[in-house]
Amino acid sequence: MRDYHDLTDEGRRRRLAGVAREALASYDLAVVAMRGLTDATNGVFRLDTADGGRYAMRVGLGPPAGHTADEMRSEAAFLDTLRGEPGIIVPGVVRSRSGDVVVEASAPNVPHVRACMVFTWLEGSLLADRLDEVTVDGLGEVMARLHRAAVQFDPPPGFFAPRFDTVYPYELPFIVFSDAGDDLLPSHRRALYAEALGHVEGALRDLAEAEPMRVLHGDLHPWNAKVHHGRTSVFDFEDMVWGWPVQDIATTLYYVEGTPAYGRFRAAFRDGYEQVAPWPDDDVVDGFIAARSLVMCNDALHLQYDPAFDLDLPSFFNRAETRLTRLLG
């Protein structure tokens, strides 16, 4: 039997399907078809039921990079609050027969017990496949609506999300300036990262003095949104954090910054956002795009020896240097 990490994408999906089937035994869903959509990080499966229903099952990544069951329950609590808010379309969370939103399951020759969730299906195409000024404008408007709704969110007991009051708010240590990056971070690159870090730390102090934190999506890129009949829906809230709106804005822009259409997309995103809420200072936005680059570099250093991730690290860090030089120039 081949090691899980040596399998092709299709091979990993077939193995993860065993986890999904094990988890589905805990739900009152008459599933007649299951199709793997991705295993890029989590495994995601589309479920079709006998009554014509559609659902999405997420099979968690597992330790150390995967989210815990308690984090997923917090995600469900936030989604429950957002459903029904004007102009916001998010998936519902399906409870198991026990009433829990998380089911832990495993399968032979798949590493780790996996935390699984089932969501109602969102119709439409991925926004990434329909990327233009109109769809990006819609994404900006929806993000602003999420930020406005989050002000009123009353977290239930046990709710947890990382606090984004530091450059890297997650459990893994921040190792960008450690020996772990010696081959990838020569002295001039470390100096650039230190400059970016200084900018962000100053901006975080200013934000903490200006307004309270709220819950953010945390990873609202074009692959975590859909468009259907001109309406934008949003999913995959598992990376949500406590923070400030500019951090969410910068995270979204990180994924299109440096592309030929970036200027047009940024203007459209801002236009949509300003239909609902004020836009933050552009220099602060750029600083937090740089901060997102530092987060991704730190993640890359942690994952460089993980067989589940196939990273071209030299190219990745070259692109990060170019991006930071552009943003801080």
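Placed above this text is the structure.
All values derive from a computational prediction rather than experimental measurement. (Residues numbered from 1 in each chain as written. Predicted model: local features only at pLDDT ≥ 70, side-chain atom pairs only at ≥ 80, totals over all residues. Heavy atoms only, no water.)

A. Highlighting the packing of aromatic side chains. Counted according to the given criterion, the structure contains 11 aromatic pairs. Taking 5.8 Å as the distance between ring centres and 80 degrees as the angle between the ring planes, the aromatic pair formed by Y273 and W279 counts as edge-to-face. Taken as a pair, Y273 and W279 share a single burial class, namely buried. Over the aromatic face of W121 sits the side chain of K226, whose NZ or CZ is 4.1 Å from the ring centroid. One cation-aromatic arrangement involves R264 over F265; the distance from NZ or CZ to the ring centre is 5.7 Å. (Phe/Tyr/Trp six-rings, centres within 6.5 Å; stacked < 30°, edge-to-face > 60°. Buried < 20%, exposed > 50% of the residue type's maximum accessible area, 1.4 Å probe, protein only. Lys NZ or Arg CZ within 6 Å of the ring centre and 35° of its normal.)

B. Quick look at the sheet that holds strand β10 (residues 231-234). Overall, antiparallel pairing links the three strands, which are arranged β7-β9-β10 in an open sheet. Every other strand in the sheet has two partners, leaving β7 (125-126) and β10 as the edge strands with one partner each. Bridge count for β7 against strand β9 (residues 225-228) is two bridges, and the pairing is antiparallel. Residue pairing in the sheet places L126 in a bridge with K226 of β9. Taken strand by strand, helix α3 (residues 133-151) contacts β9 and β10, and its axis lies near 55 degrees from that of β10. (Pairing = 2+ DSSP bridges. Helix = DSSP H or I, 4+ residues; strand = E, 2+ residues; numbered from the N terminus. Contact = heavy atoms within 4.5 Å. Axes fitted to C-alpha atoms, helices over the stretch in contact; angles between N-to-C directions.)

C. Seen up close, the packing of helix α5 (residues 245-254) against helix α6 (residues 262-274). Two elements in contact, α5 and α6, have axes separated by 11 Å at closest approach and are oriented at 145 degrees. Read as a crossing pair, α5 and α6 show a hand that is right-handed. Packed against α5, whose contacting residues are P245, I249, T252 and L253, the element α6 presents Y262, R266, F269 and Y273 at the interface. Its residues placed into classes, the contact of α5 with α6 shows six nonpolar, one polar and one charged. (Left-handed = near helix turned anticlockwise from the far one by under 90°. Nonpolar A, V, L, I, M, F, W, Y, C, P; charged D, E, K, R; others polar.)

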